[in-house]
Amino acid sequence: MPKITYIDVNGNERTCDVPSGISVMEGAIQNGIEGILAICGGSCACSTCHAYVDERWMDAVGKPDEIEDSTLELAVERRPNSRLTCQIEVSDALDGLVVRVANNDG
Amino acid sequence: MAAAPYVVIGGGQAGLQICDSLRRLGYDGPLVLLAAESSPPYQRPPLSKKFLAGDLEAERLYFRPSSWFEKNAVELRLECTVTAIDRAARRVSCADGSVVDYARLALATGARIRPLACPGADLADICYVRSLADSEALRARLPGAARLAVVGGGFIGLEVAAIARTLGKSVVLYEGLDRLMARAVSPTISDYYAALHRGHGVDLRLGCGIAAIERTRHGLLVRDANGGEVEVDIVVAGIGVVPNDEIAAAAGLECRGGIVVDAQARTSDADIVAAGDCTWHYNGFLAREIRLESVQNAVDQAKVAAASLLGAGEPYVQVPWFWSDQYDVKLQMAGIGMPHDNSALRGTTASGSFSLFYFRDGRLVGADSVNRPADHMACRRLLAQGTMVTAAQVADSEVDLMQIARG
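Below or above, wherever it landed, is the structure these notes cover. Note on numbering: residues in each chain are counted from 1, in written sequence order. To label them, take the chains in the order written and letter them from A, then take the ligands in the order written and number them from 1. Only residues with pLDDT of at least 70 get local features here, since the model is predicted, and only at 80 or more are side-chain atom pairs given and counted; chain-wide, interface and lining totals rely on the full set of residues. Water and hydrogen atoms play no part in the side-chain values, which are based on all heavy atoms of the structure.

1. Description of the environment of Cys44(A)
All names here are of chain A.
Moving on, step 1. Looking at where Cys44 falls in the secondary structure, it is placed in the loop between helix H1 (24-30) and strand E3 (50-53).
Moving on, step 2. Take Cys44: its relative accessible area is 5%, and that puts it in the buried class.
Moving on, step 3. Contacts are assigned to residue pairs that have any heavy atoms within 4.5 Å of one another. Discounting chain neighbours no more than four positions away, the residues touching Cys44 are Ile67, Glu68, Thr71, Leu84, Cys86 and Gln87. Strands are runs of DSSP state E lasting at least two residues, helices are runs of H or I lasting at least four, and both sets are numbered from the N terminus onward. Relative accessibility decides the category of a residue: with a 1.4 Å probe and only protein chains considered, values under 20% of the type maximum give buried, values over 50% give exposed, and everything between is partly exposed.

Structure below.
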(Lines give C-alpha, C1' and ligand atoms only; values in the text may rest on other atoms or scores of the structure.)
Protein backbone atom coordinates (compact mmCIF):
# COMPACT_ATOMS: atom_id res chain seq x y z
CA MET A 1 0.00 0.00 0.00
CA PRO A 2 1.40 3.46 -0.87
CA LYS A 3 2.78 5.52 1.99
CA ILE A 4 1.90 9.21 2.19
CA THR A 5 3.65 11.57 4.57
CA TYR A 6 1.55 14.44 5.89
CA ILE A 7 3.15 17.41 7.67
CA ASP A 8 0.53 19.46 9.50
CA VAL A 9 0.60 23.20 10.21
CA ASN A 10 2.27 22.58 13.57
CA GLY A 11 5.08 20.68 11.85
CA ASN A 12 3.94 17.27 13.06
CA GLU A 13 4.93 14.65 10.52
CA ARG A 14 3.10 11.37 10.01
CA THR A 15 3.51 8.66 7.43
CA CYS A 16 0.32 6.75 6.69
CA ASP A 17 -0.62 3.76 4.57
CA VAL A 18 -3.22 5.00 2.11
CA PRO A 19 -4.90 2.64 -0.34
CA SER A 20 -4.62 3.30 -4.06
CA GLY A 21 -7.76 4.72 -5.63
CA ILE A 22 -8.79 7.08 -2.87
CA SER A 23 -7.66 10.70 -2.68
CA VAL A 24 -4.82 12.16 -0.64
CA MET A 25 -7.56 14.13 1.17
CA GLU A 26 -9.47 10.96 2.10
CA GLY A 27 -6.25 9.44 3.36
CA ALA A 28 -5.79 12.47 5.61
CA ILE A 29 -9.34 12.31 6.95
CA GLN A 30 -9.10 8.58 7.67
CA ASN A 31 -5.88 9.15 9.56
CA GLY A 32 -7.06 12.21 11.44
CA ILE A 33 -4.48 14.58 9.97
CA GLU A 34 -4.98 18.00 11.53
CA GLY A 35 -5.87 20.83 9.16
CA ILE A 36 -7.35 18.93 6.22
CA LEU A 37 -10.96 20.04 6.63
CA ALA A 38 -12.48 19.12 3.24
CA ILE A 39 -15.83 20.65 4.01
CA CYS A 40 -17.23 20.02 0.52
CA GLY A 41 -16.32 16.36 0.76
CA GLY A 42 -14.00 16.31 -2.21
CA SER A 43 -16.15 18.06 -4.79
CA CYS A 44 -13.46 20.61 -5.58
CA ALA A 45 -15.70 23.41 -4.33
CA CYS A 46 -14.11 24.84 -1.20
CA SER A 47 -10.27 24.67 -1.05
CA THR A 48 -10.16 23.53 2.60
CA CYS A 49 -8.06 20.45 1.78
CA HIS A 50 -5.27 22.66 0.41
CA ALA A 51 -1.72 21.38 0.81
CA TYR A 52 1.74 22.05 -0.61
CA VAL A 53 3.27 19.20 -2.56
CA ASP A 54 6.91 18.55 -1.72
CA GLU A 55 9.04 19.96 -4.57
CA ARG A 56 10.51 16.55 -5.38
CA TRP A 57 7.02 15.21 -6.04
CA MET A 58 5.57 18.01 -8.14
CA ASP A 59 6.18 16.29 -11.49
CA ALA A 60 4.73 12.97 -10.32
CA VAL A 61 1.63 14.63 -8.87
CA GLY A 62 1.08 16.91 -11.83
CA LYS A 63 -0.69 20.21 -12.20
CA PRO A 64 -4.25 21.12 -11.23
CA ASP A 65 -6.92 21.03 -13.92
CA GLU A 66 -9.01 24.10 -14.73
CA ILE A 67 -11.64 23.57 -12.03
CA GLU A 68 -9.05 22.94 -9.32
CA ASP A 69 -6.94 25.85 -10.54
CA SER A 70 -9.96 28.14 -10.10
CA THR A 71 -10.90 26.71 -6.73
CA LEU A 72 -7.36 27.26 -5.50
CA GLU A 73 -8.06 30.98 -5.88
CA LEU A 74 -10.04 30.64 -2.64
CA ALA A 75 -7.02 29.25 -0.79
CA VAL A 76 -5.44 31.44 1.85
CA GLU A 77 -1.85 31.29 0.69
CA ARG A 78 -1.46 29.82 -2.74
CA ARG A 79 2.02 28.85 -3.93
CA PRO A 80 3.36 27.21 -7.12
CA ASN A 81 3.18 23.79 -5.43
CA SER A 82 -0.36 24.25 -4.11
CA ARG A 83 -2.83 21.46 -4.77
CA LEU A 84 -6.22 20.45 -3.45
CA THR A 85 -5.64 17.04 -1.96
CA CYS A 86 -9.15 15.86 -2.89
CA GLN A 87 -8.02 16.00 -6.51
CA ILE A 88 -4.89 13.87 -6.11
CA GLU A 89 -5.61 10.14 -6.48
CA VAL A 90 -3.29 7.86 -4.57
CA SER A 91 -1.46 5.25 -6.66
CA ASP A 92 1.72 3.21 -6.51
CA ALA A 93 3.39 5.99 -8.50
CA LEU A 94 2.86 8.29 -5.50
CA ASP A 95 4.28 5.86 -2.92
CA GLY A 96 6.38 8.06 -0.64
CA LEU A 97 4.59 11.33 -1.46
CA VAL A 98 5.13 14.16 1.02
CA VAL A 99 2.56 16.97 1.42
CA ARG A 100 2.56 19.92 3.77
CA VAL A 101 -0.93 20.92 5.00
CA ALA A 102 -1.74 24.58 4.34
CA ASN A 103 -3.57 26.94 6.69
CA ASN A 104 -7.14 25.93 5.93
CA ASP A 105 -8.71 27.62 8.94
CA GLY A 106 -7.98 31.16 7.84
CA MET B 1 -22.50 14.86 39.73
CA ALA B 2 -20.84 15.33 36.36
CA ALA B 3 -21.62 18.48 34.41
CA ALA B 4 -24.35 18.12 31.79
CA PRO B 5 -23.02 17.92 28.24
CA TYR B 6 -23.48 20.21 25.31
CA VAL B 7 -25.93 18.28 23.13
CA VAL B 8 -26.20 18.51 19.36
CA ILE B 9 -29.36 17.15 17.74
CA GLY B 10 -28.83 16.02 14.16
CA GLY B 11 -26.08 13.93 12.60
CA GLY B 12 -25.83 15.70 9.28
CA GLN B 13 -23.16 18.07 8.02
CA ALA B 14 -24.21 20.94 10.30
CA GLY B 15 -24.37 18.74 13.40
CA LEU B 16 -20.92 17.32 12.79
CA GLN B 17 -19.50 20.77 12.05
CA ILE B 18 -20.86 22.13 15.32
CA CYS B 19 -19.06 19.35 17.20
CA ASP B 20 -15.87 19.88 15.21
CA SER B 21 -15.96 23.65 15.74
CA LEU B 22 -16.70 23.34 19.47
CA ARG B 23 -13.54 21.27 19.90
CA ARG B 24 -11.48 23.56 17.67
CA LEU B 25 -12.65 26.56 19.69
CA GLY B 26 -11.44 24.89 22.84
CA TYR B 27 -14.60 23.52 24.42
CA ASP B 28 -13.35 20.53 26.41
CA GLY B 29 -16.47 19.54 28.31
CA PRO B 30 -18.75 16.61 27.55
CA LEU B 31 -20.31 16.61 24.08
CA VAL B 32 -23.10 14.38 22.75
CA LEU B 33 -24.23 14.11 19.12
CA LEU B 34 -27.67 12.57 18.66
CA ALA B 35 -28.20 11.22 15.13
CA ALA B 36 -31.47 9.72 13.91
CA GLU B 37 -29.93 7.63 11.15
CA SER B 38 -27.92 4.44 11.49
CA SER B 39 -24.86 5.76 9.63
CA PRO B 40 -22.31 8.16 11.11
CA PRO B 41 -22.41 11.67 9.62
CA TYR B 42 -22.00 11.48 5.86
CA GLN B 43 -21.99 13.68 2.77
CA ARG B 44 -25.34 14.06 1.08
CA PRO B 45 -24.40 15.68 -2.27
CA PRO B 46 -23.02 12.45 -3.82
CA LEU B 47 -26.28 10.61 -3.02
CA SER B 48 -27.81 11.99 -6.22
CA LYS B 49 -24.50 11.96 -8.09
CA LYS B 50 -21.49 9.62 -7.84
CA PHE B 51 -22.91 7.37 -5.13
CA LEU B 52 -26.12 6.75 -7.04
CA ALA B 53 -24.11 5.99 -10.16
CA GLY B 54 -22.30 3.27 -8.23
CA ASP B 55 -18.93 5.04 -8.36
CA LEU B 56 -18.51 5.36 -4.57
CA GLU B 57 -19.04 3.09 -1.60
CA ALA B 58 -20.90 4.23 1.49
CA GLU B 59 -17.80 4.30 3.70
CA ARG B 60 -16.29 6.95 1.45
CA LEU B 61 -19.20 9.25 2.23
CA TYR B 62 -18.45 9.36 5.95
CA PHE B 63 -17.00 12.69 7.05
CA ARG B 64 -14.90 11.19 9.82
CA PRO B 65 -13.65 7.74 10.77
CA SER B 66 -15.01 6.31 14.01
CA SER B 67 -11.63 7.04 15.62
CA TRP B 68 -12.29 10.77 15.23
CA PHE B 69 -15.28 10.61 17.57
CA GLU B 70 -13.19 8.81 20.19
CA LYS B 71 -10.20 11.09 19.82
CA ASN B 72 -12.37 14.20 20.12
CA ALA B 73 -14.56 12.78 22.88
CA VAL B 74 -17.75 13.21 20.88
CA GLU B 75 -20.32 10.72 22.11
CA LEU B 76 -22.12 9.75 18.92
CA ARG B 77 -25.48 8.07 19.48
CA LEU B 78 -26.88 6.64 16.26
CA GLU B 79 -30.53 5.76 15.63
CA CYS B 80 -31.50 8.24 18.30
CA THR B 81 -34.49 10.31 17.25
CA VAL B 82 -35.27 13.20 19.55
CA THR B 83 -38.99 13.54 20.18
CA ALA B 84 -39.15 16.43 22.64
CA ILE B 85 -37.15 19.22 24.23
CA ASP B 86 -37.98 20.21 27.79
CA ARG B 87 -36.39 23.64 28.11
CA ALA B 88 -37.33 24.11 31.74
CA ALA B 89 -35.67 20.84 32.75
CA ARG B 90 -32.89 21.22 30.11
CA ARG B 91 -33.54 17.73 28.91
CA VAL B 92 -34.30 16.05 25.58
CA SER B 93 -36.33 12.87 25.18
CA CYS B 94 -35.65 10.27 22.54
CA ALA B 95 -37.93 7.83 20.73
CA ASP B 96 -36.27 4.90 22.48
CA GLY B 97 -37.36 6.27 25.84
CA SER B 98 -33.97 7.59 26.88
CA VAL B 99 -33.43 11.13 28.10
CA VAL B 100 -30.36 13.33 27.82
CA ASP B 101 -29.74 16.35 30.02
CA TYR B 102 -28.03 19.30 28.41
CA ALA B 103 -26.16 22.35 29.56
CA ARG B 104 -26.52 23.92 26.14
CA LEU B 105 -28.26 22.67 23.03
CA ALA B 106 -27.67 22.91 19.29
CA LEU B 107 -30.37 22.03 16.76
CA ALA B 108 -29.17 20.73 13.41
CA THR B 109 -32.28 18.75 12.60
CA GLY B 110 -32.07 19.34 8.85
CA ALA B 111 -34.95 18.82 6.48
CA ARG B 112 -36.93 15.87 5.22
CA ILE B 113 -38.35 15.09 1.81
CA ARG B 114 -41.65 16.54 0.78
CA PRO B 115 -43.69 13.49 -0.19
CA LEU B 116 -45.87 13.31 -3.29
CA ALA B 117 -49.49 14.04 -2.54
CA CYS B 118 -51.29 12.63 -5.59
CA PRO B 119 -53.36 9.42 -5.57
CA GLY B 120 -50.97 6.50 -5.50
CA ALA B 121 -48.29 8.51 -3.71
CA ASP B 122 -48.45 6.01 -0.86
CA LEU B 123 -47.27 3.11 -3.04
CA ALA B 124 -44.39 1.68 -1.13
CA ASP B 125 -41.95 1.59 -4.01
CA ILE B 126 -41.85 5.28 -4.89
CA CYS B 127 -38.26 6.44 -4.41
CA TYR B 128 -36.82 9.59 -2.92
CA VAL B 129 -33.23 10.71 -2.55
CA ARG B 130 -32.53 12.37 0.76
CA SER B 131 -30.80 9.87 3.02
CA LEU B 132 -28.10 7.32 2.41
CA ALA B 133 -30.75 4.61 2.90
CA ASP B 134 -32.93 6.28 0.21
CA SER B 135 -30.08 6.38 -2.28
CA GLU B 136 -28.97 2.84 -1.49
CA ALA B 137 -32.51 1.60 -2.08
CA LEU B 138 -32.75 3.37 -5.43
CA ARG B 139 -29.27 2.26 -6.44
CA ALA B 140 -30.14 -1.36 -5.67
CA ARG B 141 -33.21 -1.19 -7.86
CA LEU B 142 -31.62 0.46 -10.90
CA PRO B 143 -30.07 -2.69 -12.41
CA GLY B 144 -33.51 -4.30 -12.64
CA ALA B 145 -35.22 -1.28 -14.12
CA ALA B 146 -35.31 0.04 -17.68
CA ARG B 147 -37.84 2.86 -17.39
CA LEU B 148 -37.84 5.74 -14.89
CA ALA B 149 -40.22 8.57 -14.22
CA VAL B 150 -38.71 11.49 -12.35
CA VAL B 151 -41.09 13.92 -10.68
CA GLY B 152 -39.59 17.36 -10.18
CA GLY B 153 -37.21 19.41 -12.33
CA GLY B 154 -35.05 20.72 -9.50
CA PHE B 155 -31.47 19.78 -8.69
CA ILE B 156 -32.22 16.34 -7.26
CA GLY B 157 -34.59 15.28 -10.03
CA LEU B 158 -32.22 16.46 -12.74
CA GLU B 159 -29.18 14.81 -11.18
CA VAL B 160 -31.08 11.53 -10.88
CA ALA B 161 -32.27 11.85 -14.49
CA ALA B 162 -28.68 12.41 -15.65
CA ILE B 163 -27.41 9.35 -13.79
CA ALA B 164 -30.27 7.22 -15.09
CA ARG B 165 -29.64 8.26 -18.70
CA THR B 166 -25.93 7.64 -18.28
CA LEU B 167 -26.84 4.12 -17.12
CA GLY B 168 -28.98 3.68 -20.25
CA LYS B 169 -32.43 3.90 -18.67
CA SER B 170 -35.32 5.64 -20.40
CA VAL B 171 -36.33 8.72 -18.42
CA VAL B 172 -39.50 10.80 -18.42
CA LEU B 173 -39.18 13.91 -16.26
CA TYR B 174 -42.22 15.87 -15.10
CA GLU B 175 -42.00 19.46 -13.93
CA GLY B 176 -45.14 21.37 -13.02
CA LEU B 177 -43.60 24.77 -13.72
CA ASP B 178 -42.71 25.86 -17.22
CA ARG B 179 -38.95 25.69 -16.69
CA LEU B 180 -36.29 23.77 -14.77
CA MET B 181 -34.73 24.82 -11.43
CA ALA B 182 -37.08 27.81 -11.54
CA ARG B 183 -36.58 28.76 -7.91
CA ALA B 184 -32.79 28.97 -8.19
CA VAL B 185 -31.71 30.08 -11.67
CA SER B 186 -32.77 32.38 -14.48
CA PRO B 187 -34.60 31.29 -17.65
CA THR B 188 -31.36 31.30 -19.68
CA ILE B 189 -29.90 28.61 -17.43
CA SER B 190 -33.20 26.70 -17.31
CA ASP B 191 -33.39 26.65 -21.10
CA TYR B 192 -29.80 25.48 -21.40
CA TYR B 193 -30.46 22.58 -19.06
CA ALA B 194 -33.73 21.67 -20.80
CA ALA B 195 -31.81 21.36 -24.09
CA LEU B 196 -29.00 19.46 -22.34
CA HIS B 197 -31.35 16.85 -20.92
CA ARG B 198 -33.35 16.53 -24.13
CA GLY B 199 -30.09 16.13 -26.00
CA HIS B 200 -29.27 13.23 -23.71
CA GLY B 201 -32.62 11.63 -24.48
CA VAL B 202 -34.71 12.66 -21.48
CA ASP B 203 -38.41 12.96 -22.30
CA LEU B 204 -38.83 16.31 -20.58
CA ARG B 205 -42.37 17.42 -19.85
CA LEU B 206 -42.47 21.00 -18.64
CA GLY B 207 -45.64 22.60 -17.31
CA CYS B 208 -46.84 19.09 -16.59
CA GLY B 209 -47.43 17.87 -13.07
CA ILE B 210 -48.49 14.35 -12.27
CA ALA B 211 -52.07 13.47 -11.36
CA ALA B 212 -51.87 9.88 -10.16
CA ILE B 213 -49.70 6.78 -9.94
CA GLU B 214 -51.18 3.31 -10.27
CA ARG B 215 -49.65 -0.10 -9.99
CA THR B 216 -49.82 -2.23 -13.11
CA ARG B 217 -48.87 -5.83 -13.73
CA HIS B 218 -45.42 -4.84 -14.95
CA GLY B 219 -44.69 -1.62 -13.11
CA LEU B 220 -46.20 1.75 -12.29
CA LEU B 221 -48.45 3.86 -14.48
CA VAL B 222 -47.92 7.61 -14.17
CA ARG B 223 -50.88 9.75 -15.23
CA ASP B 224 -50.00 13.37 -15.79
CA ALA B 225 -52.13 16.47 -15.38
CA ASN B 226 -52.37 16.93 -19.15
CA GLY B 227 -53.96 13.54 -19.73
CA GLY B 228 -50.82 11.65 -20.72
CA GLU B 229 -49.80 8.31 -19.22
CA VAL B 230 -46.52 6.42 -19.15
CA GLU B 231 -45.69 3.04 -17.67
CA VAL B 232 -42.37 2.87 -15.85
CA ASP B 233 -40.47 0.58 -13.50
CA ILE B 234 -39.47 3.21 -10.96
CA VAL B 235 -40.87 6.58 -9.93
CA VAL B 236 -38.36 8.93 -8.27
CA ALA B 237 -39.69 12.11 -6.71
CA GLY B 238 -37.58 15.18 -5.97
CA ILE B 239 -40.08 17.90 -5.15
CA GLY B 240 -38.29 19.64 -2.31
CA VAL B 241 -37.86 19.33 1.40
CA VAL B 242 -39.50 20.67 4.54
CA PRO B 243 -37.48 21.84 7.54
CA ASN B 244 -37.55 19.68 10.66
CA ASP B 245 -38.70 22.37 13.07
CA GLU B 246 -41.49 20.51 14.88
CA ILE B 247 -39.66 19.64 18.08
CA ALA B 248 -38.39 23.22 18.29
CA ALA B 249 -41.87 24.62 17.76
CA ALA B 250 -43.36 22.22 20.31
CA ALA B 251 -40.77 23.45 22.80
CA GLY B 252 -41.99 27.01 22.28
CA LEU B 253 -39.07 28.20 20.14
CA GLU B 254 -40.04 30.65 17.43
CA CYS B 255 -40.42 28.94 14.04
CA ARG B 256 -41.41 30.47 10.70
CA GLY B 257 -40.88 27.89 7.97
CA GLY B 258 -37.77 26.86 9.87
CA ILE B 259 -36.32 27.46 13.31
CA VAL B 260 -35.85 31.21 13.63
CA VAL B 261 -32.30 32.22 14.52
CA ASP B 262 -30.53 35.56 14.56
CA ALA B 263 -27.24 36.44 12.86
CA GLN B 264 -25.41 34.60 15.66
CA ALA B 265 -27.45 31.42 15.01
CA ARG B 266 -29.23 31.85 18.37
CA THR B 267 -32.84 30.80 18.78
CA SER B 268 -35.29 32.61 21.03
CA ASP B 269 -33.75 30.62 23.95
CA ALA B 270 -30.33 31.93 24.94
CA ASP B 271 -29.04 28.40 25.58
CA ILE B 272 -30.13 26.96 22.23
CA VAL B 273 -28.59 27.58 18.82
CA ALA B 274 -29.53 26.11 15.45
CA ALA B 275 -27.79 25.69 12.10
CA GLY B 276 -28.24 24.30 8.61
CA ASP B 277 -31.26 23.38 6.50
CA CYS B 278 -33.62 23.64 9.50
CA THR B 279 -33.09 27.35 10.13
CA TRP B 280 -34.89 30.46 9.06
CA HIS B 281 -31.96 32.80 9.56
CA TYR B 282 -30.48 36.21 9.01
CA ASN B 283 -27.45 36.31 6.72
CA GLY B 284 -25.55 39.58 7.03
CA PHE B 285 -24.19 39.24 3.51
CA LEU B 286 -27.68 39.08 2.03
CA ALA B 287 -28.99 41.57 4.64
CA ARG B 288 -32.19 39.59 4.89
CA GLU B 289 -33.74 36.46 6.35
CA ILE B 290 -33.71 33.27 4.33
CA ARG B 291 -33.73 29.49 4.56
CA LEU B 292 -31.05 27.73 2.55
CA GLU B 293 -30.49 24.05 1.82
CA SER B 294 -26.80 23.74 1.13
CA VAL B 295 -23.44 22.46 2.25
CA GLN B 296 -22.16 26.03 2.46
CA ASN B 297 -24.93 27.12 4.80
CA ALA B 298 -24.66 23.98 6.93
CA VAL B 299 -20.94 24.46 7.49
CA ASP B 300 -20.68 28.23 7.78
CA GLN B 301 -23.71 28.61 10.01
CA ALA B 302 -22.60 25.69 12.18
CA LYS B 303 -19.31 27.49 12.85
CA VAL B 304 -21.21 30.57 13.97
CA ALA B 305 -23.54 28.45 16.11
CA ALA B 306 -20.62 26.74 17.84
CA ALA B 307 -18.99 30.08 18.61
CA SER B 308 -22.27 31.39 20.00
CA LEU B 309 -22.61 28.36 22.28
CA LEU B 310 -19.29 29.42 23.76
CA GLY B 311 -20.40 33.02 23.99
CA ALA B 312 -18.26 34.43 21.20
CA GLY B 313 -21.14 35.59 19.06
CA GLU B 314 -19.58 36.37 15.68
CA PRO B 315 -22.25 37.16 13.09
CA TYR B 316 -23.13 35.06 10.05
CA VAL B 317 -22.01 37.00 6.98
CA GLN B 318 -21.30 34.59 4.14
CA VAL B 319 -21.69 34.43 0.40
CA PRO B 320 -24.00 31.50 -0.39
CA TRP B 321 -22.74 29.01 -2.94
CA PHE B 322 -24.09 25.80 -4.42
CA TRP B 323 -23.23 23.34 -7.14
CA SER B 324 -24.91 20.68 -9.23
CA ASP B 325 -23.33 18.02 -11.45
CA GLN B 326 -25.38 16.77 -14.38
CA TYR B 327 -23.70 14.63 -17.07
CA ASP B 328 -20.31 16.28 -17.61
CA VAL B 329 -21.67 19.75 -16.91
CA LYS B 330 -20.91 21.53 -13.67
CA LEU B 331 -23.31 24.24 -12.57
CA GLN B 332 -21.92 26.52 -9.87
CA MET B 333 -23.94 29.24 -8.22
CA ALA B 334 -22.56 32.15 -6.21
CA GLY B 335 -24.64 34.60 -4.21
CA ILE B 336 -28.41 34.72 -4.62
CA GLY B 337 -29.11 35.88 -8.15
CA MET B 338 -32.90 35.75 -7.90
CA PRO B 339 -34.54 38.20 -8.13
CA HIS B 340 -32.47 40.55 -10.27
CA ASP B 341 -33.17 43.51 -12.53
CA ASN B 342 -30.27 43.09 -14.93
CA SER B 343 -28.02 40.27 -16.09
CA ALA B 344 -24.93 39.91 -18.24
CA LEU B 345 -23.72 36.86 -20.15
CA ARG B 346 -20.03 35.99 -20.14
CA GLY B 347 -18.96 33.40 -22.70
CA THR B 348 -21.53 31.83 -25.01
CA THR B 349 -24.22 29.25 -24.36
CA ALA B 350 -23.30 27.62 -27.69
CA SER B 351 -19.79 26.86 -26.37
CA GLY B 352 -21.21 25.15 -23.27
CA SER B 353 -19.03 27.34 -21.07
CA PHE B 354 -20.67 30.49 -19.84
CA SER B 355 -21.76 32.46 -16.82
CA LEU B 356 -24.73 34.63 -16.19
CA PHE B 357 -24.01 37.47 -13.77
CA TYR B 358 -26.95 39.02 -11.97
CA PHE B 359 -27.34 42.63 -10.83
CA ARG B 360 -29.85 44.38 -8.61
CA ASP B 361 -29.88 48.18 -8.38
CA GLY B 362 -26.57 48.21 -10.23
CA ARG B 363 -24.83 45.88 -7.78
CA LEU B 364 -23.60 42.38 -8.48
CA VAL B 365 -25.72 39.91 -6.47
CA GLY B 366 -24.74 36.56 -7.92
CA ALA B 367 -23.72 34.46 -10.87
CA ASP B 368 -24.55 31.04 -12.28
CA SER B 369 -21.60 29.44 -14.04
CA VAL B 370 -21.83 26.51 -16.44
CA ASN B 371 -18.49 24.73 -16.91
CA ARG B 372 -16.78 28.00 -16.09
CA PRO B 373 -15.27 27.58 -12.62
CA ALA B 374 -12.99 30.61 -12.80
CA ASP B 375 -15.99 32.92 -13.12
CA HIS B 376 -17.65 31.24 -10.16
CA MET B 377 -14.66 31.66 -7.91
CA ALA B 378 -14.09 35.24 -9.06
CA CYS B 379 -17.73 36.02 -8.33
CA ARG B 380 -17.50 34.56 -4.82
CA ARG B 381 -14.52 36.76 -4.10
CA LEU B 382 -16.07 39.87 -5.67
CA LEU B 383 -19.23 39.37 -3.61
CA ALA B 384 -17.40 38.66 -0.38
CA GLN B 385 -15.30 41.79 -0.75
CA GLY B 386 -18.14 43.94 -2.07
CA THR B 387 -16.00 44.89 -5.06
CA MET B 388 -17.94 46.89 -7.60
CA VAL B 389 -18.07 45.55 -11.15
CA THR B 390 -20.33 46.57 -13.99
CA ALA B 391 -22.41 44.45 -16.35
CA ALA B 392 -20.20 45.66 -19.20
CA GLN B 393 -17.06 44.48 -17.40
CA VAL B 394 -18.33 40.97 -16.69
CA ALA B 395 -19.72 40.59 -20.22
CA ASP B 396 -16.26 41.24 -21.67
CA SER B 397 -14.27 37.98 -21.62
CA GLU B 398 -11.08 40.00 -22.03
CA VAL B 399 -11.60 41.54 -18.60
CA ASP B 400 -9.87 39.37 -15.98
CA LEU B 401 -12.39 39.16 -13.15
CA MET B 402 -10.02 37.36 -10.79
CA GLN B 403 -7.52 40.16 -11.31
CA ILE B 404 -10.20 42.65 -10.26
CA ALA B 405 -11.07 40.48 -7.28
CA ARG B 406 -7.43 40.31 -6.21
CA GLY B 407 -7.46 44.12 -6.25
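What follows continues from the structure just given.
2. Structural notes on unusual backbone geometry
Moving on, step 1. Here Met338(B) and Pro339(B) are connected by a cis peptide whose omega angle stands at -5°.
Moving on, step 2. Relative to the helices and strands, Pro339(B) is located in the loop between strand E23 (329-335) and strand E24 (342-348).
Moving on, step 3. Here Ser47(A), not a glycine, exhibits a phi torsion of approximately 75°, which is positive.
Moving on, step 4. Ser47(A) gets classed as buried once you look at its relative accessible area, which sits at 8%.
Moving on, step 5. The phi dihedral of Tyr327(B) is positive, around 55°, even though this residue is not glycine.
Moving on, step 6. Its place among the elements puts Tyr327(B) in the loop between strand E22 (321-326) and E23.
Moving on, step 7. Classification of Tyr327(B) by relative accessible area gives buried; the value is 18%.

3. Some points on the state of the cysteines
Moving on, step 1. Two cysteine sulfurs form a disulfide in these notes if their separation is within 2.5 Å. By the definition in use, this model includes 0 disulfides over all chains.
Moving on, step 2. The thiol sulfur of Cys46(A) is not disulfide-bonded, and the nearest other cysteine sulfur, from Cys40(A), lies at 3.8 Å.
Moving on, step 3. Residue class for Cys46(A) comes out buried when judged on its relative accessible area of 8%.
Moving on, step 4. Distance from the sulfur of Cys278(B), which forms no disulfide, to the nearest cysteine sulfur (Cys255(B)) is 8.8 Å.

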